[in-house]
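Inside the fold
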Amino acid sequence: MANRIVISEQLCKGCGLCVVACPHNLIEMSTELNKHGFFPAVITPDAMLSCTGCTFCAQVCPDVAIEVFRER
Amino acid sequence: MTKRLFVKGNEAVAMGALEAGCRYYFGYPITPQSDIPEYIAREMPALGGEFIQAESEIASINMLLGASACGARAMTSSSSPGISLKQEGISYMAGSECPGLIVNICRSGPGLGGIDASQADYFQATKGGGHGGYHLIVLAPSSVQEMYDLTMLAFDLSDRYRVPAMILADAVIGQMKEALEPHPYVAPDDLQPKDWALIGPGERGVNKVVKSLYLGDGELEQHNLKLHRKYAEMQEKEVRYEGYELDDAELVVTAYGSTARIAHTAVRMARQQGYKVGLLRPITLFPFPKEAYKHHTAAGQKVLCVELNTGQMVDDVRLAVPCVEVEFYGRAPGAGSLPTPEELFAQIRLHCEVRS
Amino acid sequence: MSIENVEAMKQVFSRPASLNAVQTHFCPGCQHGVIHRLVAQAMDAFDIQAQTIGVASVGCSVFLYGYFGIDVIEAPHGRAPAVATGAKRVHPQRPVFTYQGDGDLAAIGTSEIIHCANRGEPITVIFVNNTTYGMTGGQMAPTTLPSQKTSTSPYGRNTSKDGYPIRMTELLAGLEGTAYAARVAVDTPQHVLQAGKAIKKAFQTQLRDNGFGFVEVLSTCPTNWGMNPVDANARVAEEMIPYFPLGVFKDAAAQGE
């Protein structure tokens, strides 16, 4: 299972809504500030392995900062 | 032989607007202007246009903003209290550089006031009645024919400068019937296509915005200066006034609209008795005919300003000719306060010695 | 994870074409951003971006023209439905929508929205209800909940003096002129998907049935609620939905009217 989400570090404002929306708790908040002064959401490569590509995180993202890809 | 009709001033406005290609009317009932929406409600469908009686004057001015932003020739009409309600919308039209016609058939006030004629909305009309410091093109008809002609002119000037235009008349001009010679509308050849108008970005590939919000550093200042330049250009090119017996006049009576009709009779009475007096009648209240006052008082003439209010246009006359003695005679608006020609003739005699 | 092998995969979620790829000015967690996406998604679905005229209201959403690739008119506070009426009458073939907040539509603009709906103007209205005036700093709105504290109801909305929150969707659903009226929320992925369908249906009501379509979207205002985005989001289900029930309150097409 190699689905992917791509979180735009610059668009993300660190609101955390995707963190609670992800049914598998795969997303967390970075400890590095982005250029706008927010802690953006990030997903580690390990966590990415469990991603089902369900798009829940992207659905709730107010900044349309998340793209979702599924294995063909 | 041109066709002469016997129509009300209000109906002449409606006829002029439709003839000038206005196909969108948004209004609300209020005495003494309701003949305008009534006429247009009858005639617009056959022209394929849209007539809406809106839920309020506020809604109707905003419908006008929407229609005008889409490039249509559109109008609204009301009377004094309704025009007060429209002020914010008019300010948005000015700020958004939307043309459009606003007709004010004034009634007496303040507040509910009365339904009789009044010229007490002069300041509101000419000094930017809403917030923000803008101007409207303000045209003041004083006959049923001018209600027709100036309505057409208002649309042309409004489109030329992208500045909202106002017809400022009153209950007398609106409600009286007089001969009218309708004539076909001829569009001036310098009117530009409205490429700024909204129709969806598709046709031009880039999206357009009609707005008045400017938050960037210095942005709104530049925008206001741009509007100011337009007003200065209109002051230079678009002033209109009528002179009657001014050449050898020693006293220049000045009045507009319905009061000018009465003053015209008083001046004629005075001339018959040897008084050297004339009438200067502004047709554009903005741009105000400052140069005309300078020109016609250059030889030391005095001015008598007559208004159906307690003194508003007189301020602008005094500003135009600060070194001239400008007398004022006004009747506060209300039932029975319309001055008679004899009354104005008596005022003329106060300020003008008999010559000849 | 290099970008190349992302290409080999199927993208199942992306930014709608009608939504400009810019960062918005909205506060973190403000759901205007989700709602903007859903509106853009509906425009993409009907491929109408190139013809659409939007009417922006006065409030946090006033910068609509920066976020959608469409023509936009800015209306005075509360008057967007009237401005949209004028625009739609001039361009009956063009999709026209307004995007308004609860202060704009349910307070100063109640007359315009009621009569616009009552005339059955074939436009689409997106009404964002976040129980406060956002742009001006969190004052009490017509949708502020009973005993909800705001900057102008510091002791909590006192219904005996400040009145009750107004349920606009039910109010407009009662008008003959209304063809479609629904209330949705965007606090969970499922609700977001439902909201997307409702917004699409409201546009379809205009485009296919020449009818007036209205969607109220419950939304958060973390900054002015004084809550972090996640807690604010929870408040939608805990406090708002009980008072503002979700659902389709009128669907003339479905009822065969």
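That block above? That's the structure.
Because the structure is a prediction, the values reported are computed rather than measured. (Residues numbered from 1 in each chain as written. Chains lettered and ligands numbered in written order. Predicted model: local features only at pLDDT ≥ 70, side-chain atom pairs only at ≥ 80, totals over all residues. Heavy atoms only, no water.)

**Considerations on the pattern of salt bridges**
Counting across every chain of the model gives 34 salt bridges over all chains. A salt bridge links D63 of chain A to K13 of chain A, with the shortest nitrogen-to-oxygen separation between them at 3.0 Å. Of this pair, D63 of chain A sits in the loop between α3 (56-60) and β4 (66-70) while K13 of chain A sits in the loop between β1 (4-7) and α1 (17-21), and the two are 50 residues apart along the sequence. Taken individually, D63 of chain A and K13 of chain A each receive the classification buried, so the pair is uniform in this respect. D209 of chain C is the salt-bridge partner of R208 of chain C, the closest N and O atoms lying 2.7 Å from each other. On the basis of relative accessibility, which here comes to 54%, the residue R208 of chain C falls in the exposed class. (Salt bridge = Lys/Arg side-chain N within 4 Å of Asp/Glu carboxyl O. Helix = DSSP H or I, 4+ residues; strand = E, 2+ residues; numbered from the N terminus. Buried < 20%, exposed > 50% of the residue type's maximum accessible area, 1.4 Å probe, protein only.)

**Focus: the sheet that holds strand β5 (residues 124-129) of chain C**
The sheet built from eight strands is open, its strands ordered β9(B)-β3(C)-β2(C)-β4(C)-β5(C)-β7(C)-β6(C)-β8(C) with mixed pairing. Two strands bound the open sheet, and with one partner strand each, they are β9 (209-210) of chain B together with β8 (247-251) of chain C. Here β9 of chain B pairs with strand β3 (residues 71-74) of chain C via two bridges, running parallel. Bridge pairing in β3 of chain C links V210 of chain B to I73 of chain C. (Pairing = 2+ DSSP bridges.)

**Describing the side chain of K8 of chain B**
Residues and elements named next belong to chain B. Following the sequence through the fold, K8 ends up in strand β1 (residues 5-8). Among the polar contacts listed, one links the side chain of K8 to the side chain of Q175, at a separation of 2.6 Å. Beyond its immediate chain neighbours, meaning those up to four positions away, K8 contacts D35, V144, G174, Q175, M176 and K177. (Polar contact = N/O pair within 3.5 Å; in protein donor to acceptor, adjacent residues only side chain to side chain. Contact = heavy atoms within 4.5 Å.)

**Remarks on the interface of chain B and chain C**
The partner chain C presents 34 residues to the 35 residues of chain B that form the contact. Interface area for chain B against chain C, summed over the two sides, is near 2,600 Å², with a carbon-plus-sulfur share of 60%. Where chain B meets chain C, there are three salt bridges. The closest approach of N and O atoms between E55 of chain B and R119 of chain C, which form a salt bridge, is 2.9 Å. The tally of links from chain B across to chain C stands at 15 residue pairs in polar contact (both at pLDDT 80 or more). Elements represented by at least two residues in the side of chain B that touches chain C include exactly β2 (24-27), β3 (50-53), α3 (57-69), α5 (87-95) and β9 of chain B. Per-element accounting of the side of chain B that touches chain C gives the leading share, eight residues, to α3 of chain B. Of the residues belonging to the side of chain B that touches chain C, the class tally is 21 nonpolar, seven polar and seven charged. (Buried area = accessible area lost by both parts, 1.4 Å probe. Nonpolar A, V, L, I, M, F, W, Y, C, P; charged D, E, K, R; others polar.)

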